[in-house]
Amino acid sequence: MQNSNSLLIAPKAAPLSKVARLQLHDVIVEQLRNFVVEGSIAPGTKLNERELCDTLGISRTPLREAIKVLAAEGLVEITPNRGASVYQMSEAEIREMFELMSCLEGFSGLLACQRITEEEITEIKAMHYVMLACHAKKDLPGYYKQNSLIHDHINQAARNAALRQVYLATNRRLQSLRFRSNFETAKWDKAMGEHSEMIEALEAHNGERLSIILRDHLLEKRDAVLRVLASDSGTPLNESSVA
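Residues numbered from 1 in each chain as written. Predicted model: local features only at pLDDT ≥ 70, side-chain atom pairs only at ≥ 80, totals over all residues. Heavy atoms only, no water.

Visitor: What is the right way to look at the pairing of strand β1 (residues 76-79) in this model?
Guide: Looking along a regular strand, one sees the side chains alternate between the two faces of the sheet. Where β1 meets strand β2 (residues 83-86), four bridges bridge the pair, whose relative direction is antiparallel. If you follow Glu77 over to β2, its bridge partner there is Ser85. A loop of three residues connects β1 with β2, the two strands running antiparallel in sequence, and Asn81 in this loop sits at a positive phi of about 65°. (Pairing = 2+ DSSP bridges. Helix = DSSP H or I, 4+ residues; strand = E, 2+ residues; numbered from the N terminus.)

Encoded structure:
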């Protein structure tokens, strides 16, 4: 019979399976990416590994693996002997990246109108209505999530693998700036109207119209981002180079 005074030792926890480790990795990457995209860690800020480990409740090894992923996406810059910091684009880079993205978005819209199914349009419309609700509640993170899904689904509906690859790589580098473009209330309100126009063009399968809306939409985001950055830094914006 077991001694009632003996200690009950809990069985050793089973090691995480490969699938569980991969899932944990994805969760950490997503959380760290959100910190960067939503501005919790500002551009140019060095990543404090100890604070991030405490915040996320993880050790340094999975954190460093996540940092490497964000570095590959262009969101984080790793400098030898100095560690990692959130990448800060120059004004020229911002202009060039948004110009490229506007073309990618426009081409996505053109092809999507030729190839999208009615079921996919219904799905995108459902996202649009959720986004409207987020806007009404001034829920910027929720709004941005639905906004990103809409743009991503339009790109997927284009059914062009080469376009998809370039789109994803470019968009990853612009996520935090696209989020910040809605810091201006007037710009955010105008963007909602533009999204309603996108839905109308998509339903009509009017590729030319949707392409123009998307290109202009992205270039306006560029201008809004530059205004926000100029305001934050106190540096006058070079209006002559803004379309």
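Visitor: For this particular structure, what's the right way to read the nonpolar core?
Guide: With 26 residues, the main nonpolar core has Ile116, Ile124, Tyr143, Ile150, Ile154, Leu202 and Leu210 as its most contacted residues. When residues of this core are traced back to their parent elements, those giving at least two are α4 (91-115), α5 (118-136), α6 (140-157), α8 (185-203) and α9 (207-233). The biggest single contributor to this core is α8, with seven residues. Contacts of Tyr143, omitting those with residues within four sequence positions, involve Met131, Cys134, His135, Asn182, Trp188, Ala191, Met192 and His195. Listed in part, the 18 residues of the second largest apolar core include Ile41, Ile58, Ala66 and Ala84. (Core = buried A, V, L, I, M, F, W, Y, C linked by side-chain atoms within 4.5 Å. Buried < 20%, exposed > 50% of the residue type's maximum accessible area, 1.4 Å probe, protein only. Contact = heavy atoms within 4.5 Å.)

Visitor: Teacher, can you tell me more about helix α7 (residues 161-180) here?
Guide: Between the first and last C-alpha of α7 there are 29 Å, a value that for 20 residues agrees with the 28 Å anticipated at 1.5 Å per step. Remark: the principal bend of α7, roughly 55°, maps to Leu174. Those residues of α7 that sit buried are Leu163, Tyr167, Thr170, Asn171, Leu174, Gln175, Ser176, Leu177, Arg178, Phe179 and Arg180. Measuring from the side-chain oxygen of the N-cap residue of α7 to the backbone nitrogen of Ala162 gives 3.2 Å; that N-cap residue is Asn160. (Expected span 1.5 Å × (residues − 1). Bend = angle between axes of the 7 residues up to and from the residue. Polar contact = N/O pair within 3.5 Å; in protein donor to acceptor, adjacent residues only side chain to side chain.)

Visitor: I'm lost on the confidence of the model for the protein in this one. Help?
Guide: In regions of low pLDDT, the predicted coordinates are not meant to be interpreted in detail. For the protein, the mean per-residue pLDDT works out to 87, and 86% of the residues sit at or above 70. Counting contacts from residues 1-16, a segment whose pLDDT is below 50, to residues more than four positions away or on other chains yields three contacts. Across residues 239-243 the pLDDT falls below 50, and counting only partners more than four positions away or on other chains, this stretch makes nine contacts in the model. (pLDDT = per-residue confidence, 0-100.)

Visitor: So what exactly am I meant to see when it comes to the pattern of salt bridges here?
Guide: When their charged atoms lie close together, side chains carrying opposite charge are able to pair. Summed over the entire model, instances satisfying the criterion amount to 16 salt bridges. Note that Arg33 and Glu30 form a salt bridge whose closest N and O atoms lie 2.8 Å from each other. Here the residue Arg33 and the residue Glu30 both occupy positions in helix α1 (residues 18-37), the gap between them amounting to three residues, near one helical turn. Accessibility expressed as a relative area gives 13% for Arg33, which makes it buried. Across the salt bridge formed by Glu105 and Arg178, the nearest N and O atoms sit 3.0 Å from each other. With a gap of 73 residues between them, Glu105 in helix α4 and Arg178 in helix α7 connect regions that are remote in the sequence. (Salt bridge = Lys/Arg side-chain N within 4 Å of Asp/Glu carboxyl O.)

Visitor: Can you walk me through the packing of α6 against α8 in this structure?
Guide: Their axes nearest at 13 Å, the elements α6 and α8 cross at an angle of 30°. If you check the angle between α6 and α8, you find them roughly parallel. Judged by the sense of rotation from one axis to the other, the crossing of α6 with α8 is left-handed. Side by side, α6 and α8 meet where Leu140, Tyr143, Asn147, Ile150, His151 and Ile154 of the first sit next to Trp188, Ala191, Met192, His195, Met198 and Leu202 of the second. Counted by class, the contact of α6 with α8 contains nine nonpolar, three polar and no charged residues. (Axes fitted to C-alpha atoms, helices over the stretch in contact; angles between N-to-C directions. Parallel < 35°, antiparallel > 145°, perpendicular 65-115°, else oblique. Left-handed = near helix turned anticlockwise from the far one by under 90°. Nonpolar A, V, L, I, M, F, W, Y, C, P; charged D, E, K, R; others polar.)

Visitor: Can you walk me through helix α3 (residues 60-72) in this structure?
Guide: Because an α-helix completes one turn every 3.6 residues, residues spaced three or four positions apart along the sequence face the same direction. Here α3 spans 18 Å end to end across 13 residues, near enough to the 18 Å set by a 1.5 Å rise per residue. Inspection of α3 places Pro62, Leu63, Ala66, Ile67 and Leu70 among the buried residues, and these make up the whole buried set. Buried residues of α3, seen end-on, are gathered within an arc of 145° and therefore sit on one face of the element. Looking at α3, the residues exposed on the side facing more than 90 degrees away from the buried face are Thr61, Lys68 and Ala72. Gly74, located one to two residues past α3, shows a positive phi value of around 85°. (Arc of directions from axis to C-beta.)

Visitor: Is there a simple way to think about the packing of aromatic side chains in this case?
Guide: Within a pair of aromatic rings, the relevant descriptors are the distance that separates the centres and the angle that separates the planes. Here the structure, examined in full by the defined rule, presents two aromatic pairs. An angle of 70° between the planes, with centres 5.2 Å apart, marks the rings of Tyr143 and Trp188 as edge-to-face. Placement of the pair is Tyr143 in helix α6 and Trp188 in helix α8, with a sequence separation of 45 residues. Each member of the pair, Tyr143 as well as Trp188, is classed as buried. (Phe/Tyr/Trp six-rings, centres within 6.5 Å; stacked < 30°, edge-to-face > 60°.)

Visitor: Sorry if this is basic, but what is going on with the layout of surface pockets here?
Guide: Here the largest pocket is characterised by a volume of approximately 550 Å³. The wall of the largest pocket is formed by 18 residues, among which Glu30, Arg33, Tyr144, Ser148 and Gln175 lie closest to the centre. For the lining of the largest pocket, the secondary-structure elements that each account for two or more residues are α1, α6 and α7. Among the elements that make up the lining of the largest pocket, the one with the highest residue count is α6 (seven residues). (1 Å grid on protein atoms, 1.4 Å probe; cavity = no way out; pocket = protein on both sides within 12 Å on 5 of 7 lines; lining within 4 Å. Points joined across faces, edges and corners; volume = space filled by probe spheres on them.)

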